[in-house]
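# Structural features, examined
If you want the building blocks of each chain, they are given just below.
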4 protein chains.
Amino acid sequence: MANKDFQTLFSESLGQSDLSVKQQAVLRASLELFSEKGFDRTNTRDIADRANVSEGTVYKQFKTKEGILSAILDPFIHQVIPKAIAEFLEDMSKTATPTIEDFLLVAVQNRMKFALANRLQLRIFLQEATRDPSLLNDLGAEAVKILDSPIVDFLRNYQREGQLIDWPLPRIVQYMLGTVLTYILPKVLNGGDLDVNKASHETVEFVLNGLKPRK
Amino acid sequence: MANKDFQTLFSESLGQSDLSVKQQAVLRASLELFSEKGFDRTNTRDIADRANVSEGTVYKQFKTKEGILSAILDPFIHQVIPKAIAEFLEDMSKTATPTIEDFLLVAVQNRMKFALANRLQLRIFLQEATRDPSLLNDLGAEAVKILDSPIVDFLRNYQREGQLIDWPLPRIVQYMLGTVLTYILPKVLNGGDLDVNKASHETVEFVLNGLKPRK
Amino acid sequence: MANKDFQTLFSESLGQSDLSVKQQAVLRASLELFSEKGFDRTNTRDIADRANVSEGTVYKQFKTKEGILSAILDPFIHQVIPKAIAEFLEDMSKTATPTIEDFLLVAVQNRMKFALANRLQLRIFLQEATRDPSLLNDLGAEAVKILDSPIVDFLRNYQREGQLIDWPLPRIVQYMLGTVLTYILPKVLNGGDLDVNKASHETVEFVLNGLKPRK
Amino acid sequence: MANKDFQTLFSESLGQSDLSVKQQAVLRASLELFSEKGFDRTNTRDIADRANVSEGTVYKQFKTKEGILSAILDPFIHQVIPKAIAEFLEDMSKTATPTIEDFLLVAVQNRMKFALANRLQLRIFLQEATRDPSLLNDLGAEAVKILDSPIVDFLRNYQREGQLIDWPLPRIVQYMLGTVLTYILPKVLNGGDLDVNKASHETVEFVLNGLKPRK
DNA sequence: CATGAATGAGAATTCATTCAT
DNA sequence: AATGAATGAATTCTCATTCAT
């Protein structure tokens with residue numbers, strides 16, 4: 001049972017719940033509005049209204065509007081994602097996965113579920129990243145940590161066994177990510193449900209075998 | 001010999017150059033600024049300054065700031081891209097391509113060059129699309145037209161010959177696109193050069209064979 | 001003790017004083033400036049200055065400049081004037097008025113005093129009405145209510161007694177109004193005092209007897 | 001045979017037709033637009049469009065937008081009206097008018113026809129006069145000239161004969177004007193036809209006899 | 001003479017942020 | 001802590017006016 005659900009992770013990410021109920025309402029309202037309309041087209045009046053709070057209260061905790069954005073994205077990048085990675089790795093370690101198919105299936109499903117559970121944050125992240133690509137670097141820095149973890153041992157092992165092609169791991173991760181994204185991005189942006197089981201099987205099927213018929 | 005370059009296509013897209021020199025300067029300045037800072041964080045004062053034009057002039061042709069954005073994105077979606085597709089298809093038809101490797105190589109290179117040549121517009125498009133996913137639908141509508149062209153015959157032929165797996169074509173296109181994007185997106189957002197030759201060979205290599213060693 | 005004075009009626013008309021002191025200052029400043037220079041030639045900067053308030057404050061309560069105009073004219077047409085009519089009718093009812101001279105004298109004086117007390121609003125009303133005659137219809141709709149009140153009984157009674165000519169009442173009201181206006185309009189537009197006593201006596205003298213010497 | 005019609009007087013008023021066809025088109029377009037929407041809400045772009053002329057041409061003859069207004073109102077006040085008065089007086093002199101009824105009838109009809117024929121200018125004049133009452137003085141100055149003309153002799157004669165009450169002539173003119181206005185103003189502002197014959201008879205009937213039944 | 005592109009000063013309006021209550 | 005009125009800088013947009021062609 002992979003990640004905790006969104007509520008839990010989000011709340012935990014909000015600095016150990018040192019936020020009052022109202023402040024959390026502000027954060028949730030901002031999360032929704034930023035995701036729906038974008039940071040620049042959301043005004044503090046609307047945030048206050050949606051959070052059922054005065055405009056002054058919005059500024060009590062978060063000194064600026066920019067600060068609210070940081071309060072959403074910073075923990076997302078530096079806490080939610082790392083924590084998700086950690087839990088993912090733990091899950092992987094526990095799972096006896098003899099074939100690479102099974103391994104990738106778990107990995108892909110894990111990523112897809114995470115993305116859907118954190119849809120709003122991801123959408124905000126994408127919006128900001130298209131403006132300020134340095135955010136992508138921040139994310140990349142976190143992602144690289146995967147390659148500094150036991151998971152590498154799994155992959156190297158598959159390579160040694162001849163189950164996985166002998167390319168540099170970053171290149172392998174790149175392709176898997178790209179393929180997963182083609183399933184997830186439309187859902188993150190447009191909403192709608194994703195049949196994670198079907199999507200993950202299709203992904204693994206392609207990623208492993210490519211477009212040329214075997215035999 | 002593939003696409004005309006950016007300058008040409010962009011100028012052509014501006015409705016037969018019915019724009020004065022100054023109006024074109026406004027459009028170019030907006031293109032740059034929107035791409036650099038995003039639509040919402042660009043103000044008309046800055047556009048006027050960069051275009052060496054008065055603020056009034058900015059509004060003479062394009063009635064609103066929103067109108068400038070449309071003047072950039074609309075022809076991009078409805079003229080530049082379709083024209084690029086048309087020229088791409090023509091190139092394909094002319095090329096005798098015995099193996100699917102060669103065919104995909106040309107296709108992928110073509111797409112990559114186009115993306116890099118239209119980097120600024122693409123970046124603006126991405127920024128807006130993350131806010132208003134309906135733009136993706138507009139783009140999708142144009143893209144679908146590919147599947148209504150001679151290129152389909154090529155692909156079906158490869159499938160019949162056993163060079164291409166027997167999946168629905170949209171699924172095949174989806175994976176190719178996803179993989180190409182992993183090379184292009186970082187360049188579109190961050191700038192920098194892409195070794196199109198190397199990237200396209202790697203892409204085709206992966207897309208056709210997947211991550212599992214053949215044999 | 002006819003109408004309450006302007007201050008009272010104006011304040012009452014402002015929706016039970018649900019406006020802060022500053023908002024009332026905005027309204028008063030607008031009233032003065034619109035009356036002096038006309039709506040179109042008054043800018044919000046001047047309103048803010050005269051009200052000793054920031055320009056943002058002008059827009060807090062009244063969403064647009066147009067909105068300020070409505071905040072002045074709407075209650076004037078739909079509350080101040082109806083209320084004035086009601087009080088006028090009450091005054092009339094209480095007054096035992098054996099002759100039509102006395103009756104008209106009270107009526108005319110009443111109208112003149114009201115017009116002078118509401119000089120600024122009337123002037124704005126006139127300015128707008130010359131652009132948008134539909135305003136006159138709105139006013140007319142309110143005025144017609146007079147002919148749906150006890151005052152009609154008075155007039156009919158005078159007609160029966162042979163003190164008042166047997167014309168349709170609207171025609172009679174039309175002439176009285178026209179004559180009263182010749183005294184009031186110059187004062188509304190130019191300012192200056194009106195000797196209400198003298199003016200009302202002259203009006204009644206003319207209205208009743210015409211220009212041809214009796215006997 | 002009272003006034004020449006509008007076209008004639010207006011054209012004559014335009015400085016002896018020293019205006020080109022285009023300039024006259026500008027004046028006519030301005031006349032219509034100012035009357036419809038008011039001076040401040042009419043822009044020079046609209047004037048140029050309605051006159052089928054470039055915006056530059058609008059400024060060739062009339063240095064400023066204000067100048068167009070003057071070109072309309074100045075001759076109206078200082079030429080059209082005086083000329084109308086002169087012709088009116090001439091008509092009066094020629095007419096043998098034994099009774100005051102007949103005399104007033106002609107006078108009133110004359111005024112009404114003039115007002116209707118010059119509806120657009122009058123409307124503009126009213127709009128401006130409600131802003132800048134000094135215009136009323138200008139008009140008044142012209143009007144006073146009536147009392148410096150043969151017409152005075154007519155009126156004094158009627159007074160001597162006991163057909164006209166022995167009040168100061170300005171007061172008499174004031175009442176007549178007020179009554180005439182109640183018929184004309186609604187038409188000037190709202191448009192629509194006026195039954196000049198009926199209206200003039202009613203006016204004279206009231207003005208002479210008042211509201212109290214004779215005997 | 002006529003044109004209409006260009007100008008730039010100003011106007012309305014928005015909104016993040018502050019602060020007295 | 002919470003409120004929301006108040007602020008004023010910034011922004012979009014309009015329009016009378018000018019001037020090169």
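Cut-offs used in this document
Residues numbered from 1 in each chain as written. Chains lettered and ligands numbered in written order. Predicted model: local features only at pLDDT ≥ 70, side-chain atom pairs only at ≥ 80, totals over all residues. Heavy atoms only, no water. Contact = heavy atoms within 4.5 Å. Buried area = accessible area lost by both parts, 1.4 Å probe. Salt bridge = Lys/Arg side-chain N within 4 Å of Asp/Glu carboxyl O. Polar contact = N/O pair within 3.5 Å; in protein donor to acceptor, adjacent residues only side chain to side chain. Helix = DSSP H or I, 4+ residues; strand = E, 2+ residues; numbered from the N terminus. Nonpolar A, V, L, I, M, F, W, Y, C, P; charged D, E, K, R; others polar. 1 Å grid on protein atoms, 1.4 Å probe; cavity = no way out; pocket = protein on both sides within 12 Å on 5 of 7 lines; lining within 4 Å. Points joined across faces, edges and corners; volume = space filled by probe spheres on them. pLDDT = per-residue confidence, 0-100. Buried < 20%, exposed > 50% of the residue type's maximum accessible area, 1.4 Å probe, protein only. Near = heavy atom within 4 Å. Least-squares fit on C-alpha atoms with pLDDT ≥ 70 in both. Phe/Tyr/Trp six-rings, centres within 6.5 Å; stacked < 30°, edge-to-face > 60°. UniProt positions renumbered as here; feature names shortened; annotations may be inferred.

You'll find chain A entered in an unreviewed UniProt entry as TetR family transcriptional regulator, with Lentilactobacillus fungorum given as the organism.

### Focus on the interface of chain D and chain C
Contacts between chain D and chain C engage 46 residues on the former and 46 residues on the latter. In terms of surface lost to chain C, no three residues of chain D exceed Arg 131, Leu 211 and Lys 212 of chain D, which account for 20% of the buried area on that side. Arg 171 of chain C is the salt-bridge partner of Glu 205 of chain D, the closest N and O atoms lying 3.0 Å from each other. For the pair chain D and chain C, the number of links is 26 residue pairs in polar contact (both at pLDDT 80 or more). Sorting the residues of the side of chain D that touches chain C by element identifies α2 (21-37), α6 (100-117), α7 (119-131), α10 (169-190) and α11 (196-209) of chain D as the ones contributing at least two each. Here the residues of the side of chain D that touches chain C are counted per class, giving 19 nonpolar, 13 polar and 14 charged.

### Re empty space enclosed by the protein
Residue and element names in this part refer to chain A. Scanning the model with the defined rule gives one cavity of 30 Å³ or more in all. In this structure, the largest cavity spans a volume of roughly 30 Å³. Around the largest cavity, the lining residues are Leu 104, Val 108, Met 176, Val 180, Thr 203, Val 204 and Val 207. Within the residue set of the lining of the largest cavity, elements represented by two or more residues are α6 (100-117), α10 (169-190) and α11 (196-209). Ranked by residues supplied to the lining of the largest cavity, first place goes to α11 with three residues. Residue composition of the lining of the largest cavity, grouped by class: six nonpolar, one polar and no charged.

### Quick notes on the confidence of the model for chain A
All names here are of chain A. Per-residue confidence for chain A averages 86 on the pLDDT scale, and 90% of its residues sit at or above 70. No element of chain A has a lower mean pLDDT than helix α1 (residues 6-13), at 52, and none a higher one than helix α3 (residues 44-50), at 96. This stretch, residues 1-7, has a pLDDT under 50; its non-local contacts, to residues over four places away or in other chains, come to 16 contacts.

### What to know about unusual backbone geometry
Residues and elements named next belong to chain A. We note that Asn 52 has phi near 55°; this positive angle belongs to a residue other than glycine. One can find Asn 52 in the loop between α3 and α4 (55-61). A relative accessible area of 68% places Asn 52 in the exposed class.

### Overview of the protein's contact with DNA strand E
The local shell around DNA strand E holds 29 residues, among which Thr 44, Tyr 59 and Lys 65 of chain A, Thr 57 of chain B together with Thr 57 of chain D are the closest. Near the protein, within 4 Å, the atoms of DNA strand E are sugar or phosphate in 64% of cases. Lys 22 of chain B has a polar side-chain atom sitting 3.1 Å from a phosphate oxygen of DNA strand E. Ser 54 of chain B places a main-chain nitrogen or oxygen 3.0 Å from a phosphate oxygen of DNA strand E. Of all the secondary-structure elements, those providing two or more residues to the surface near DNA strand E are α4 of chain A, α2 (21-37) and α4 (55-61) of chain B, α4 (55-61) of chain C together with α2 and α4 (55-61) of chain D. Sort the elements by how many residues they give to the surface near DNA strand E and α4 of chain D lands first, with four residues. Per-class residue counts for the surface near DNA strand E are three nonpolar, 17 polar and nine charged.

### A short note on the relation of the copies chain B and chain A
After a rotation of 180° and a shift along the axis of 0.0 Å, chain B superposes on chain A with an RMSD of 0.2 Å. A rotation of that kind, with that shift, is consistent with a two-fold axis. Closest approach to the rotation axis within chain B is made by the C-alpha atom of Gly 210 of chain B, at a distance of 1.9 Å. Taken as a fraction of all interface residues of chain B, those also at the interface in chain A reach 100%, which identifies the copy contact as same-surface.

### Points about the packing of aromatic side chains
Overall, the coordinates contain 30 aromatic pairs over all chains when judged by the stated rule. When the ring of Tyr 183 of chain A is compared with that of Tyr 175 of chain B, the centres are 6.3 Å apart and the planes differ by 50°; the resulting orientation is tilted. With Tyr 183 of chain A in helix α10 and Tyr 175 of chain B in helix α10 (residues 169-190), this residue pair bridges two chains. As far as burial versus exposure is concerned, Tyr 183 of chain A and Tyr 175 of chain B are alike and both buried. Considering the side-chain rings of Phe 34 of chain B and Phe 39 of chain B, the 5.1 Å spacing of their centres and the 65° angle between planes classify their relative orientation as edge-to-face. The same class applies to Phe 34 of chain B and to Phe 39 of chain B, which are both buried.

### A few points about the protein's contact with DNA strand F
The environment of DNA strand F is made up of 30 residues, and the closest members are Thr 57 of chain A, Thr 57 of chain C together with Thr 44, Tyr 59 and Lys 65 of chain D. A breakdown of the atoms of DNA strand F within 4 Å of the protein gives sugar and phosphate a share of 63%. Contact between DNA strand F and Thr 42 of chain B: a phosphate oxygen at 3.4 Å from a main-chain N or O atom of the residue. Elements represented by at least two residues in the surface near DNA strand F include exactly α2 (21-37) and α4 of chain A, α4 of chain B, α2 (21-37) and α4 of chain C together with α4 of chain D. At four residues, the largest contribution of residues to the surface near DNA strand F is made by α4 of chain A. Per-class residue counts for the surface near DNA strand F are three nonpolar, 17 polar and 10 charged.

### Here we look at the interface of chain B and chain A
Many descriptions give the size of an interface as the accessible area lost when the pieces come together. With 46 residues of chain B in contact, the opposing surface of chain A contributes 47 residues. With both sides pooled, the region where chain B packs onto chain A buries about 4300 Å², and carbon together with sulfur makes up 54% of that total. The largest share of the area that chain B buries against chain A comes from Arg 131, Leu 211 and Lys 212 of chain B, three residues that together contribute 20% of it. Between the two partners, chain B and chain A, sit 10 salt bridges. Salt-bridge contacts for Asp 40 of chain B lead to Arg 41 of chain A; the nearest nitrogen and oxygen are separated by 3.2 Å.

### So, the UniProt feature "DNA-binding region" (unreviewed entry) in chain A
Taken from the UniProt record, the annotation "DNA-binding region" (unreviewed entry) applies to residues 43-62 of chain A. Across residues 43-62 of chain A, the secondary structure splits into 70% helix and 0% strand, with the terminal C-alpha atoms separated by 14 Å.

### As for the UniProt feature "domain: HTH tetR-type" (unreviewed entry) in chain A
In this numbering, the UniProt entry assigns the feature "domain: HTH tetR-type" (unreviewed entry) to residues 20-80 of chain A. Summarising residues 20-80 of chain A: 77% helix, 0% strand, and an end-to-end C-alpha distance of 20 Å.

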